[in-house]
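Report on the structure
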Amino acid sequence: MSFRISVSGGATEAVRTAVPILVDDLVASSITALDPALWGPEAEDEASKRLGWTESVAVSRPLVAEILALRDTLRADGVTRIALAGMGGSSLAPEVITRTAGVALTVLDSTDPGQVLAALHDDLEATALVVSSKSGSTVETDSQRRVFERAFRAAGIDPAERIIVVTDPGSPLEASARAAGYRVFTADPTVGGRYSALTAFGLVPSGLAGVDIGQLLDEADAISLALAVDSPENPGLVLGAAIAATSPLRDKLALLADGTHIVGLPDWIEQLVAESTGKKGTGLLPVVLEPGAPELSANLPDLQLVRLVDDAGLEVFGADDGGDEIRVSGTLGAQFLVWEYATVVAGRLLGINPFDQPDVESAKIASRGLLDARPEPEPAAFISDGIEVRGTPHVIGAASDLASAVDALLEELGPDGYVAVQAYVNRLDLPELAEVRDLLARLSKRPVTFGWGPRFLHSTGQFHKGGPATGVFLQILAVPAEDLDIPERPFTFGELIQAQASGDASVLAEHGRPVLTLTLTQPAANISTLFAALR
């Protein structure tokens, strides 16, 4: 089967209770019929323009031949490497698709100067760049495109032969790209970025990199009928109820990839669910875990385990065998479509609009304000073993060194709280920084999320500010070894990532969220000091 789900424990009652109501209310067929009234009058206008993802398989079919023809042309011209400049859903879906297929794709979803330089210096002669931006004005992708254009010209390569643009029709990027002679794919404007896996945003970079994108659409098509039918076995209804109808609500979803053939799916689910549901003080917070994570044995009452496996079995209602989890399996194309249905079903159950992201823009505005005004950096409250320490007053006022600063942050945690680690660093150079997550989970005995900045701003950033006010935030920044200017822009990549971190910290503080910011002045050397403080 293309998709299977089984539930046990607390999620069983959620499914038994909620699914019959969803079936009686004709929710599945109404989603498929593009009914914008499903999420209430406040959401109706937005929903009327955001349900195109339900038709992505049919709309995207004609793209396949175009993408494959372009791939053949590029390969004939000696292009063997595809790079992708994109943020949020524009980069996370292609990353999952290519990793699962075992195909190389350089994903550039950072403004860290070292990470951008690494992408520029890796076999540029054989590289084509896909620039993906729904709005056409995303500052990260605009900056990345500018440095690639300059690098191509410096290498004697015409950028028009190597840059492919994916954007919405009518965006400023479409106009400028066509004027520059770039190949342009326009995506369906009725599909939001996080629901765009099966549109041009997911298919163009993946297909050019070598994935069988026709098969991906076939996989989604195989589950489409089951998702459209008002039936108790509808996997979108079952999954939506299992994650959003527990009583009391388990609003932290522990996503564990446990033997599945799909690589990186939890990261994609994280951005879809967090950005769609985290608003009006409610929402579901995905917590991406590895096997052996402290949360798995901590018996946390507000944590619902979702185990991604290769065979979830066929039971909609799990036997009362002491288990307490949701098990999900299926092909990648089916997973994309089922999770999209389940997320909008969860939105209905939670009483929110799953298609807007009202709090994402606030961090962007704050970042732009800092780039325009260029204030002097806020001095550190103190420096501990080469790590600069800053934070909101009630956190930093109680601290004298690194360990006490972390303790002061964790003391702000309530019984239903979570810790969010936001790492604005080069994830290629410092992958070990992700180990901070487990250390903090052991220390806090609460769920801990980990996001690479600034990409999380386009996903979980919405939940942090619009969801329940229960999070505490640890920002980790690094002083770059080398900066990189951005053509025709008055700021560098180093200044941009600094502004993005500072802007988000200021908005979190305005929302009353505790923030601790640690800046590694010598990143490689400082990490062991940080780990020691967290132990």
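You'll find the structure just up there.
Predicted model only: the values in this text are computed from it and were never measured.

Reading the values: rules and limits
Residues numbered from 1 in each chain as written. Predicted model: local features only at pLDDT ≥ 70, side-chain atom pairs only at ≥ 80, totals over all residues. Heavy atoms only, no water. Helix = DSSP H or I, 4+ residues; strand = E, 2+ residues; numbered from the N terminus. Buried < 20%, exposed > 50% of the residue type's maximum accessible area, 1.4 Å probe, protein only. Pairing = 2+ DSSP bridges. Axes fitted to C-alpha atoms, helices over the stretch in contact; angles between N-to-C directions. Patch = residues over 30% accessible without salt bridge, like charges linked within 9 Å, V, L, I, M, F, W, Y side chains within 5 Å. Areas by Shrake-Rupley, 256 points an atom, 1.4 Å probe, with all protein chains shown as cover. Salt bridge = Lys/Arg side-chain N within 4 Å of Asp/Glu carboxyl O. Lys, Arg positive; Asp, Glu negative; His and termini not counted. Charge placed at Lys NZ, Arg CZ, Asp CG, Glu CD. Right-handed = clockwise from strand over helix to strand, strands pointing away. Core = buried A, V, L, I, M, F, W, Y, C linked by side-chain atoms within 4.5 Å. Contact = heavy atoms within 4.5 Å.

In this section: the environment of Ala33. Here Ala33 lies in the loop between α2 (27-32) and α3 (44-47). When its relative accessible area of 56% is taken as the criterion, Ala33 is described as exposed. Ala33 sits 22 residues away from Glu55 along the chain, and the two C-alpha atoms are 9.9 Å apart.

Moving on: the sheet that holds strand β1 (residues 3-7). Working definition: the strands of a sheet are paired by backbone hydrogen bonds and lie parallel or antiparallel to each other. Taken together, the 5 strands give an open sheet; going across it, the order is β1-β10-β9-β7-β8, and neighbouring strands pair in mixed fashion. Bordering the open sheet on either side are β1 and β8 (285-289), each of which pairs with just one other strand. Going across the sheet, the axis of each strand differs from the next one's by a mean of 20 degrees, ignoring polarity. Both strand β7 (residues 252-257) and β8 contribute to a ladder of 5 bridges, which runs parallel. The partner of Leu256 across the bridge, within β8, is Leu289.

With that settled, the discussion passes to a negative patch on the surface. Among the surface-exposed residues, Asp385, Asp401, Asp407, Glu411 and Glu412 lie close enough to one another that they form a single negatively charged patch. Here Asp407 shows up in helix α16 (residues 402-410). Among the residues examined, Asp407 registers a relative accessible area of 39% and is labelled partly exposed.

Side-chain positions along a regular strand alternate between the two faces of the sheet. With 4 bridges joining them, strand β5 (residues 163-167) and strand β6 (residues 183-186) adopt parallel strand pairing. Bridging from a neighbouring strand, Val166 pairs with Phe185 of β6. Tracing the backbone out of β5, into helix α8 (residues 172-180) and back to the parallel element β6 gives a crossover that is right-handed.

Core analysis: the largest hydrophobic core is formed by 91 residues, its most contacted members being Trp53, Leu239, Trp268, Ile326, Phe336 and Trp339. Of all the elements, helix α13 (residues 332-350) adds the most residues to this core, at 12 residues. When sequence neighbours within four positions are dropped, the list of residues in contact with Trp268 reads Leu92, Ala93, Val96, Arg194, Ala197, Gln335, Phe336, Trp339 and Glu340. Grouped together as the second largest cluster of nonpolar side chains are 38 residues, Val395, Ala441, Ile476 and Ala478 included.

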